[in-house]
Structure formats: structure tokens, C-alpha cells
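The lines below spell out each chain.
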Amino acid sequence: MSSPAVLIDQPTLARRIAELATEIRAAIPADDIHFVCVLKGAVLFTADLVRALDTRVTIDFIAVSSYGSGTASSGEVRLVKDLDAGVEGRHVVIIEDIVDTGLTLHYLQDILRRRGPASLRTACLLSKPSRRKIDVTVDFIGFTIDDHFVVGYGLDLDEKYRNLPYVGTLES
Ligand code: IMP
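Residues numbered from 1 in each chain as written. Predicted model: local features only at pLDDT ≥ 70, side-chain atom pairs only at ≥ 80, totals over all residues. Heavy atoms only, no water.

Moving on: the sheet that holds strand 1 (residues 5-8). Ordered in space as 1-9-8, the three strands form an open sheet in which the pairing is antiparallel. In this open sheet, the two edge strands, each paired with only one partner strand, are strand 1 and strand 8 (150-151). (Pairing = 2+ DSSP bridges. Helix = DSSP H or I, 4+ residues; strand = E, 2+ residues; numbered from the N terminus.)

Residue position: Asp-97 is located in strand 5 (residues 91-99). The class for Asp-97 is buried, based on a relative accessible area of 12%. For the pair Asp-97 and Leu-157, spaced 60 residues apart in the sequence, the C-alpha separation amounts to 13 Å. Apart from residues no more than four positions distant in its own chain, Asp-97 is found in contact with Gly-41, Ala-42, Cys-124, Leu-125, Leu-126 and Leu-155. (Buried < 20%, exposed > 50% of the residue type's maximum accessible area, 1.4 Å probe, protein only. Contact = heavy atoms within 4.5 Å.)

Glancing now at the side chain of Asp-60. Mapped onto the elements of the fold, Asp-60 is located in strand 3 (residues 56-67). Put simply, Asp-60 is tucked away with no salt bridge, and the nearest opposite charge, on Lys-81, sits 4.4 Å away. Among all residues touching Asp-60, those that are not within four sequence positions of it are His-34, Phe-35, Val-36, Cys-37, Lys-81, Leu-83, Asp-84 and Ala-85. (Lys, Arg positive; Asp, Glu negative; His and termini not counted. Salt bridge = Lys/Arg side-chain N within 4 Å of Asp/Glu carboxyl O.)

In C-alpha cells form, the structure reads like this:
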């Protein structure tokens, strides 16, 4: 298994995540922020982001399937695991690893908005705007990247590479 080339190293991730925490805190001056972590890719990002926040937080998990195997999207989004708790009246932030075509986020924002949160925002570690197929609002973006398939820091290729401490690319 070849090692991915470093695209975003660990100190750069840590610095940007601290800034994102400040941005989120400034945008949501509530006592509690409810984070919805999108499994599995956003797990590492969520863990670091909530540790950078100095407010009360709650965390729930949701899972959708968008990609099958490999790097090509089927374009189909399906709910695989729903939240444990309701979001009505809560200040909710969806935490996603990457927004690519936007189909997954569009689906998630739609189902959560229908549940009546007090506010609904989205934080994505990475965004690939050149791949967008649908217009979605992402309130907090860590890094905008070109059209590379990236792995590491939670992101996988066929379940591999999630534990890399950096974001890397497999392409030359
Ligand atoms: P979208 O629905 O096309 O925006 O895709 C979102 C999901 O596809 C993400 O949550 C990832 O799980 C996956 N994905 C998109 N691009 C990449 C990538 O470059 N590496 C790993 N996973 C990706």
C-alpha cells in the first residue's frame, strides 16, 4: 500500500480547526451547540473541532451512503443510521468531512431542516467546488481543494487510510 502524498499536514489542520472553532462560536452565541457528525469520515474532524470549542456541546451521529466502492459516486444518497436524539429547537451544526458533488449534504440538510432545529449550519473540513452538481450552503469550510481524491484524517478509499494524521492524495 503506497503512502499518500501530503496535501494538508497535521499542524496546518490543527491551526485551521482552531480558527473554525472561533468562527463557529462567533456565529452561534448559544449556550449549547449540537453537533451532528456524519459517519464515518467526519469522526476525526469532529473530535478535534469539539475539543477546540469552549462552550457546552452535544454530539450525535448520522450515517448515509453515497459512495459505493472506489472513487466514483453513484449519485444516490441513502440514510444508513439515523440520529439517536431529536434536533427540534436546538442549534445544530452538521459536521462533514468533504463536500464534493454536494448531493450528500443537500440530502442531510433537507432531512434535518424538516425536524425544526432552532438553527442549522454546516461545517466541512474540505470542499471541492469544481465537482459540485447541486448548490449547497456550507457555512464553515476548512480548506478548498482542487479535484483530487483525498484520503486520511478520517477520509478513506475502500475503508483504508482513515487513521492518517494528515490529508493526502493518491494521485501524482
Ligand atoms: P458528495 O455527496 O458527492 O458531496 O460526497 C460526499 C461524500 O463522498 C463525502 O462525505 C465522502 O465520504 C465522499 N468523498 C467525496 N470526495 C472524496 C474524496 O476525495 N475522498 C474520500 N471520500 C470522498
